[in-house]
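# Working through the structure, step by step
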Amino acid sequence: METFLSAVLGELISRSINFIINKWSTPLKLNMEESLQRALVRAQVIIEEAMGRQITNQAMLLQLGMLRDAMHRGYYALDAFRYQPHYGEDGNDPAARWFMPLSKVPSAKDPYFSSRSIQFQEQLREALDRLSSMIVDLNELVMFLMSYPRLYRQPYSMHILLGNCMFGRQMEAELVINFLLHTKPHSSEELDVLPVVGPLRVGKSTLIAHVCKDERVRDYFSEILWLHNRDFMDGELTFRQGCAMNRRNCLSNLKKGKRLLVVIELYGNLCEDAWNRFYLASKQRFPSGSKIIVTSCSDKIVKFGTTPALTLEYMSLEAYWYFFKTLTFGSMDPETHPRFAQMAMEIARLQNRSINCAYITSYLLRDNFNIHFWCKVLIFLRGFIQKHISKFGVHPFDLLNQNKPVLHGRMASPSEDFMICHQYHRFPDEEVPEIRVQDVLYGSIKKHGKFEVLAWRSQIPPYYSYVNACEIRERKITGAKRKHCMKDGATFC
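Note that the coordinates shown come from a computational prediction; the quantities given were computed from them, not determined experimentally.

The next thing to look at is the packing of helix α2 (residues 58–82) against helix α7 (residues 170–181). One can describe the packing of α2 onto α7 by two numbers: an axis separation of 9 Å at closest approach and a directional angle of 160°. It follows from the interaxial angle that α2 and α7 lie roughly antiparallel. Between α2 and α7 lies a crossing whose hand is left-handed. Each of Gln-58, Leu-61, Leu-62 and Arg-68 in α2 lies in contact with α7, whose residues at this interface are Gln-170, Met-171, Glu-174, Leu-175 and Asn-178.

Listed below in structure tokens is the structure:
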């Protein structure tokens, strides 16, 4: 009897302690989540206010860049906590049945599941502490911010703003503008050259195009001349032909002694002798105060510069999620669609920070706001990427960023191989294909052989249209394997 009473009392005490812990721990979680949300709103107000002003102070831009990075990390930590998979819930939800086979489903009693929850809590607290301390330190910055003139623009929603402006490059843009507007003593005969380097499709041309669109730059230079690889023949720059092609009155303005800005976009390497000949000729012909910007994927152009090179890198995973989420949900609140947000976060991770994929996939998902379609896209992407990595040992989007061929698949036609052979861009005045890449990848369009598809049209300078040269081939598989593929929705068999 005593043993029985002891066991009953022990069970009651254990349940009471668990009840007290659960009762007090839940408000703490909510308070920390709400505190981080309030801090993120304050940070976003500061950043959006700064985006609407013409800031020239480099130290202030550096502080704002740090605050922006902290905000992206904070939103990522908050969304990872909110949209973490809650397995075992909504067992009758067909969307859950689509999502759960994607990975091993952990049990709520699994130590891994418990440790993940603790890890999310630590990330929330770390993000909150970092963001709160930065906001306190920026009190004086906010006061100085009001002294800078406003940029006149319409009060668009954030998804429209991000879709029509350059994302996350404000500090780099001001660095380039500072280089262009900096005037050296008249005794200096050196022609200033700024190299801008970075991997393919990191945004070099977009950055320079936005800089050239700035009113301060347009007022300072009488002519802005863009040259490309096609303006180089036999290792030498055909400067006269380039002028005639880009600016008819370029030479006449040079005679008047006005400043000239030359932007050279290199898609390959340029030998040092050819550059030296062009540079010496430019020093003799260009008026005082003229500048040159050279962009390339190769860091070999760094030696051409008269000032330290500007190196661009891909955005962080946290910034990419903020960008992708904003474009995908548009004016909708992701918190009201947690299942969609959960899948969107997984899709964003799979895309390996590819800007092209962000635009293509976000518009596809927003135009097909259906839980079953989103689940099919997620399963398709995961199956394709896992198969590609296991077969070739490299992420397919890494190859796409390097403009190398990628063996893709088609969601609606698992029996076909979709090969992306080459990617390139076309200028705004050039024709583009009518077929979109998302119609081939995720639609039921019937096409075979070699053809071109439109990946996406950029709505921001330099307004390139990105085109893929591709090929669709029938895959030879057995009837049993075909049936298995169609059943589980896999991309490859």
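Here we take up the pairing of strand β2 (residues 223–227). Within β2, five of the five residues are buried, leaving the element largely enclosed by the surrounding structure. Inspection of the sheet shows β2 paired to strand β5 (residues 260–265) by five bridges, in the parallel sense. Residue pairing in the sheet places Leu-225 in a bridge with Val-262 of β5.

Of all hydrophobic cores here, the largest spans 88 residues; its most connected members are Leu-67, Leu-131, Phe-324, Val-377, Phe-418 and Tyr-442. It is α2 that provides the largest number of residues to this core, a total of 12 residues. Once residues lying within four places of it in the same chain are set aside, the contact partners of Phe-418 are Val-406, Leu-407, His-408, Gly-409, Arg-410, Val-437, Val-440, Leu-441, Phe-451, Cys-470, Glu-471 and Ile-472.

As a further point, take empty space enclosed by the protein. Taken as a whole, this structure holds three cavities of 30 Å³ or more when the rule is applied. Estimated volume of the largest cavity: approximately 200 Å³. Looking at the largest cavity, it is lined by 18 residues, and the ones nearest its centre are Cys-357, Ile-360, Phe-397, Leu-400 and Leu-441. Residue assignment for the lining of the largest cavity shows that the elements contributing at least two residues are α15 (355–367), α17 (396–401), β9 (416–426) and α18 (437–441).

In this model α2 runs 36 Å from its N-terminal to its C-terminal C-alpha over 25 residues, within 8% of the 36 Å that 1.5 Å per residue would give. With 18 of its 25 residues buried, α2 lies for the most part within the structure.

About the criteria used
Residues numbered from 1 in each chain as written. Predicted model: local features only at pLDDT ≥ 70, side-chain atom pairs only at ≥ 80, totals over all residues. Heavy atoms only, no water. Axes fitted to C-alpha atoms, helices over the stretch in contact; angles between N-to-C directions. Helix = DSSP H or I, 4+ residues; strand = E, 2+ residues; numbered from the N terminus. Parallel < 35°, antiparallel > 145°, perpendicular 65-115°, else oblique. Left-handed = near helix turned anticlockwise from the far one by under 90°. Contact = heavy atoms within 4.5 Å. Buried < 20%, exposed > 50% of the residue type's maximum accessible area, 1.4 Å probe, protein only. Pairing = 2+ DSSP bridges. Core = buried A, V, L, I, M, F, W, Y, C linked by side-chain atoms within 4.5 Å. 1 Å grid on protein atoms, 1.4 Å probe; cavity = no way out; pocket = protein on both sides within 12 Å on 5 of 7 lines; lining within 4 Å. Points joined across faces, edges and corners; volume = space filled by probe spheres on them. Expected span 1.5 Å × (residues − 1).

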